[in-house]
Amino acid sequence: MSIHIQQISAFSDNYIWLIINNDKKQAIAIDTGDSEPVLNFLKNNNLELINVWITHHHNDHIGGVDELVKHFPNVQVFAHQNHGLNHLAKNLTLIDENDNLTAWQYSAKVWQTFGHTDSHLSFLLNVDKKIHVFCGDTLFSGGCGRVFTGTIEQLFDSFSRFNTLNEQTLFYPAHEYTLSNLKFAQVIEPNNENIRQKIQTCEQLRANNLPTLPTTLADERLINPFLRAVIEPSDEMIEQVKSRIDLANYDKLTVFAKLRELKNSF
Ligand SMILES: [Zn+2]
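K.L.:
Teacher, can you tell me more about unusual backbone geometry here?
P.N.:
Keep in mind that most residues, glycine aside, have a negative phi and that most peptide bonds are trans. Looking along the chain, the bond that leaves Leu-213 and enters Pro-214 is cis, with omega of 0°. Assignment of secondary structure puts Pro-214 in the loop between helix H6 (193-207) and strand S14 (215-216). Of note in the backbone geometry, Lys-25 takes a positive phi value of approximately 60° without being a glycine. Within the element layout of this structure, Lys-25 appears in the loop between strand S2 (14-21) and strand S3 (26-30). Even without being glycine, Asp-128 reaches a positive phi, approximately 50°. Secondary-structure assignment places Asp-128 in the loop between strand S9 (121-127) and strand S10 (130-136).

This is the structure in structure tokens:
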């Protein structure tokens, strides 16, 4: 039995990820912000939706859930208690840190990855020892989510935690923000050759209307300024940040927080 992971585009730049089991003709969807593209895909591929996993409560991640429950009355929705889906009652299973979700014979560990919100979860699907992380709006390729109801310290901790994973780990963020993130990354590290090359690769992909995702932890360690700040801010990064904003000291959290501040107005 094999599974594969499929992206569905929604709105202008969201991705809804599906884990598909072709033998069973079943699918699990992550962050169904919109129902229509999901329903179309399932119908065209003759798939039954069995689970929905929700990373956080923003409408572009949950907006399609009610409609999907109408079409698939037996679907189970897995979400944190603060995700505002309690009206789903029998369709809802509340989840939190360290719970395990199942995807047929595979399992996914639930991690709290707060920062973007104060109840954001990520799902670490283990397929034959390879980890696939559905990270919502926590980590984007080349960047990170804005801090809304969480704190910058929480976001820093979430990135530190991601960084403990194997470098072959794959990340599946919920937005195609890679190129705009990389433009910021290049300003912060103008001499980083990996960023320059990644921009070229991603421009090619986008020109062919292909996603730049998923991304690997190994790649992000080379190009994502936020992850790089968590590991060890480069001299060039400190110099560029300092030239744009008051930098009281050079510790990792301070640099990370100032990068987020700069990115907010980039
Ligand atoms: Zn969000």
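Next comes the rest of the write-up.
K.L.:
Would you mind showing me how to read the sheet that holds strand S5 (residues 76-79) here?
P.N.:
The pairing of strands in a sheet comes from backbone hydrogen bonds and takes either a parallel or an antiparallel form. In space, the six strands of this open sheet follow the order S1-S2-S3-S4-S5-S6, with mixed pairing throughout. The sheet is open, and its two edges are formed by strand S1 (3-10) and strand S6 (92-94), each paired on a single side. Averaged over all adjacent pairs, the angle separating strand axes in this sheet is 25°, with direction ignored. Across the sheet, helix H1 (residues 36-44) touches S1, S2, S3 and strand S4 (48-53), and the angle it forms with S1 is around 140°.

K.L.:
Looking at this structure, I do not really get the coordination of the zinc ion. What am I missing?
P.N.:
Reference values for angles at a metal are 109.5 degrees in the four-donor tetrahedral case and 90 or 180 degrees in the six-donor octahedral case. The protein atoms donating to the zinc ion are His-56 (NE2), His-58 (ND1), His-116 (NE2) and Asp-137 (OD), with metal-donor distances spanning 2.2 to 2.3 Å. Around the zinc ion sit four donor atoms; with metal-centred angles ranging over 91 to 170°, the donor geometry is irregular. In the primary sequence, the donor residues of the zinc ion line up as H-x1-H-x57-H-x20-D. Of this pair, His-56 sits in the loop between S4 and helix H2 (59-62) while His-116 is found in the loop between strand S8 (106-112) and S9, placing the two residues 60 residues apart along the sequence. An identical accessibility class is assigned to His-56 and His-116; each is buried.

K.L.:
Looking at this structure, how should I read the packing of aromatic side chains?
P.N.:
For any pair of aromatic rings, the description rests on two quantities: the centre-to-centre distance and the angle between the ring planes. Tallied over the full model, the rule gives 12 aromatic pairs. Among the aromatic residues, those joined into a cluster by ring pairs are Phe-156, Phe-159, Phe-184, Phe-226, Phe-256 and Phe-266.

K.L.:
What am I meant to see in the layout of surface pockets here?
P.N.:
The gaps left among the atoms become clear once a water-sized probe is rolled over them. Here the largest pocket is characterised by a volume of approximately 230 Å³. What lines the largest pocket is a set of 16 residues, among which Phe-140, Cys-144, Arg-146, Tyr-177 and Arg-260 lie closest to the centre. When residues of the lining of the largest pocket are assigned to their parent elements, the largest contribution, three residues, is made by helix H10 (residues 252-264). For the lining of the largest pocket, a count of residues per class yields five nonpolar, seven polar and four charged.

K.L.:
Any chance you could explain the pattern of salt bridges here in plain terms?
P.N.:
Oppositely charged side chains can pair when the atoms bearing their charge come close. As enumerated under the stated definition, the model contains seven salt bridges in all. A salt bridge links Asp-219 to Lys-198; the shortest N-O distance between them is 3.1 Å. Taken together, the residues span a long stretch of sequence, with Asp-219 in helix H7 (residues 217-223) and Lys-198 in helix H6 at a distance of 21 residues. The exposure class of Asp-219 is partly exposed, given its relative accessible area of 31%. The salt bridge partner of Glu-261 is Lys-258, with a shortest N-O separation of 3.6 Å. In this pair, Glu-261 and Lys-258 are both assigned in helix H10, three residues apart and thus about one turn of the helix distant. Accessibility expressed as a relative area gives 40% for Glu-261, which makes it partly exposed.

K.L.:
Teacher, can you tell me more about the side chain of Asn-181 here?
P.N.:
Tracing the backbone shows Asn-181 in helix H5 (residues 178-188). A relative accessible area of 2% places Asn-181 in the buried class. When near neighbours in sequence (up to four residues on either side) are disregarded, Asn-181 contacts Phe-140, Ser-141, Gly-142, Gly-143 and Lys-263.

K.L.:
What exactly am I supposed to notice about helix H4 (residues 152-162) here?
P.N.:
For H4, the full list of buried residues reads Ile-152, Leu-155, Phe-156, Ser-158, Phe-159 and Phe-162. All buried residues of H4 fall inside an arc of 160° around its axis, so they share one side.

K.L.:
How should the sheet that holds strand S7 (residues 100-103) be read in this particular structure?
P.N.:
Reading across from one edge, S7-S8-S9-S10-S13-S14 is the order of the six strands in this open sheet, with mixed pairing throughout. The sheet is open, and its two edges are formed by S7 and S14, each paired on a single side. Summarising the sheet, strand S13 (residues 170-173) and S14 pair through two bridges and their orientation is antiparallel. Its bridge partner being in S14, Leu-170 is matched across the sheet by Thr-216. Packing against the sheet, H4 makes contact with S8, S9, S10 and S13, and its axis sits at approximately 150° to S8.

Definitions and cut-offs
Residues numbered from 1 in each chain as written. Predicted model: local features only at pLDDT ≥ 70, side-chain atom pairs only at ≥ 80, totals over all residues. Heavy atoms only, no water. Helix = DSSP H or I, 4+ residues; strand = E, 2+ residues; numbered from the N terminus. Pairing = 2+ DSSP bridges. Axes fitted to C-alpha atoms, helices over the stretch in contact; angles between N-to-C directions. Contact = heavy atoms within 4.5 Å. Donors = N, O, S within 2.8 Å, 3.2 Å for Na, K, Ca; no water. Tetrahedral: all angles 85-135°; square planar, octahedral: opposite > 155°, others 65-115°. Buried < 20%, exposed > 50% of the residue type's maximum accessible area, 1.4 Å probe, protein only. Phe/Tyr/Trp six-rings, centres within 6.5 Å; stacked < 30°, edge-to-face > 60°. 1 Å grid on protein atoms, 1.4 Å probe; cavity = no way out; pocket = protein on both sides within 12 Å on 5 of 7 lines; lining within 4 Å. Points joined across faces, edges and corners; volume = space filled by probe spheres on them. Nonpolar A, V, L, I, M, F, W, Y, C, P; charged D, E, K, R; others polar. Salt bridge = Lys/Arg side-chain N within 4 Å of Asp/Glu carboxyl O. Arc of directions from axis to C-beta.

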